[in-house]
Every structure is written in C-alpha cells, then in structure tokens.
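Secondary and tertiary structure notes
Spelled out, the chains give:
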Amino acid sequence: MTKPEIILTQRDLDAIEMGLIDATLTPEFIDALETELARAKIVKPADLPDDCVALNQQVTFRVVETDKVFTRTLVVPGKARSADDNLSVFAPLGAALIGLKVGQSIQWQTNRGLQTVEVLGVAVGGNQQMDNAG
C-alpha cells in the first residue's frame, strides 16, 4: 500500500517534536513516527485543509480489519489522560492518523499487528464534518 500524503501545521509538528523529547517510546515507534513527520507537507494553520486531521481535533476513523468505528480527539501526551475520548498522537493509531485527510487510509503497526486505518471525518469549528469516503 502506498503511503498517502500527509499535511501538518508547523505548530503541530513542533508540539509533536517537543513531546518526543520526554516520551518513553520504543525506538522502532519513534523511527516510524519521525519518518512520517519527515515526509509531511508543512503548511500555515490557515492553509490546513478543513478535512485534514490535526492535533486537538476530533477525528472519526475506522479500523478496516475489525470494521470498528471510533471518534477521538487527537492530543499530545500531556493531555491524553484528561478525557476518555482523547487519543494520544504517540499511540499507534494516533500516529497513524495525524496529517491524513478524510477518505485516506494508511497501514500502521499497532499492538495488534499491522492494521489499516481510514479517516471518515474530522470536526471543523466544533461541528462534526462527515464526508463520504466511498
């Protein structure tokens, strides 16, 4: 599977890189995340597409192998424990989702093995925007 284009703001990239300094993650996970960050297109916040997954946004996604759908807010680790619906960008699924657009999917190594994650929607301005991914 070809890796999809990912788009990040400089603010999100900085927050992730600062979080990596204190993170206790496996070297393999850090390498995978840094590889993703290195291939990202970096844009100004105003230029980030509305359908792109960014930090502090609510994202609805599907794990293809289980066909389960989840809605979570993507956060940096310091905020990951503040609410049940948060997903850390340093969790395998969180790292997979950052920078993807609605309709895109990516294969990512998780605790359950290689899984495919598809973005179904992102919250825009506090409202849930659901685009048809099919």
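For the structure itself, consult the block above.
Figured I'd write up the structure that's included with this text. None of the values given here were measured: they were computed from a predicted structure.

Re helix H2 (residues 27-39)
Between its first and last C-alpha atoms H2 spans 18 Å; for 13 residues at 1.5 Å apiece the expected length is 18 Å, and the two agree. Those residues of H2 lying buried are Phe29, Ile30, Leu33, Glu36 and Leu37. Take H2 and look down its axis: the buried residues cluster within an arc of 125°, on one side only. Within H2, the exposed residues directed more than 90 degrees away from the buried face are Pro27, Glu28 and Ala38.

Description of a negative patch on the surface
A cluster of acidic residues, Asp14, Glu17, Glu28, Asp31 and Glu34, forms a negative patch at the surface. Of all elements in the fold, only helix H1 (10-22) and H2 reach the threshold of two or more residues within the negative patch. Positionally, glutamate 34 belongs in helix H2.

Some points on the pairing of strand E3 (residues 58-63)
Note: E3 against strand E4 (residues 68-75), six bridges, orientation antiparallel. For valine 59, the partnering residue across the bridge sits in E4 and is arginine 72. Following E3, the chain reverses through four residues before pairing antiparallel with E4; aspartate 67 in that reversal takes a positive phi of roughly 60°.

Examining the pattern of salt bridges
As enumerated under the stated definition, the model contains four salt bridges in all. Across the pair arginine 39 and glutamate 36 runs a salt bridge whose closest N-O atoms are separated by 2.9 Å. One end of the pair, arginine 39, and the other, glutamate 36, are both in helix H2, three residues apart, so they sit about a helical turn from each other. With a relative accessible area of 30%, arginine 39 lands in the partly exposed category.

Definitions and limits used
- Residues numbered from 1 in each chain as written.
- Predicted model: local features only at pLDDT ≥ 70, side-chain atom pairs only at ≥ 80, totals over all residues.
- Heavy atoms only, no water.
- Helix = DSSP H or I, 4+ residues; strand = E, 2+ residues; numbered from the N terminus.
- Expected span 1.5 Å × (residues − 1).
- Buried < 20%, exposed > 50% of the residue type's maximum accessible area, 1.4 Å probe, protein only.
- Arc of directions from axis to C-beta.
- Patch = residues over 30% accessible without salt bridge, like charges linked within 9 Å, V, L, I, M, F, W, Y side chains within 5 Å.
- Areas by Shrake-Rupley, 256 points an atom, 1.4 Å probe, with all protein chains shown as cover.
- Salt bridge = Lys/Arg side-chain N within 4 Å of Asp/Glu carboxyl O.
- Lys, Arg positive; Asp, Glu negative; His and termini not counted.
- Charge placed at Lys NZ, Arg CZ, Asp CG, Glu CD.
- Pairing = 2+ DSSP bridges.

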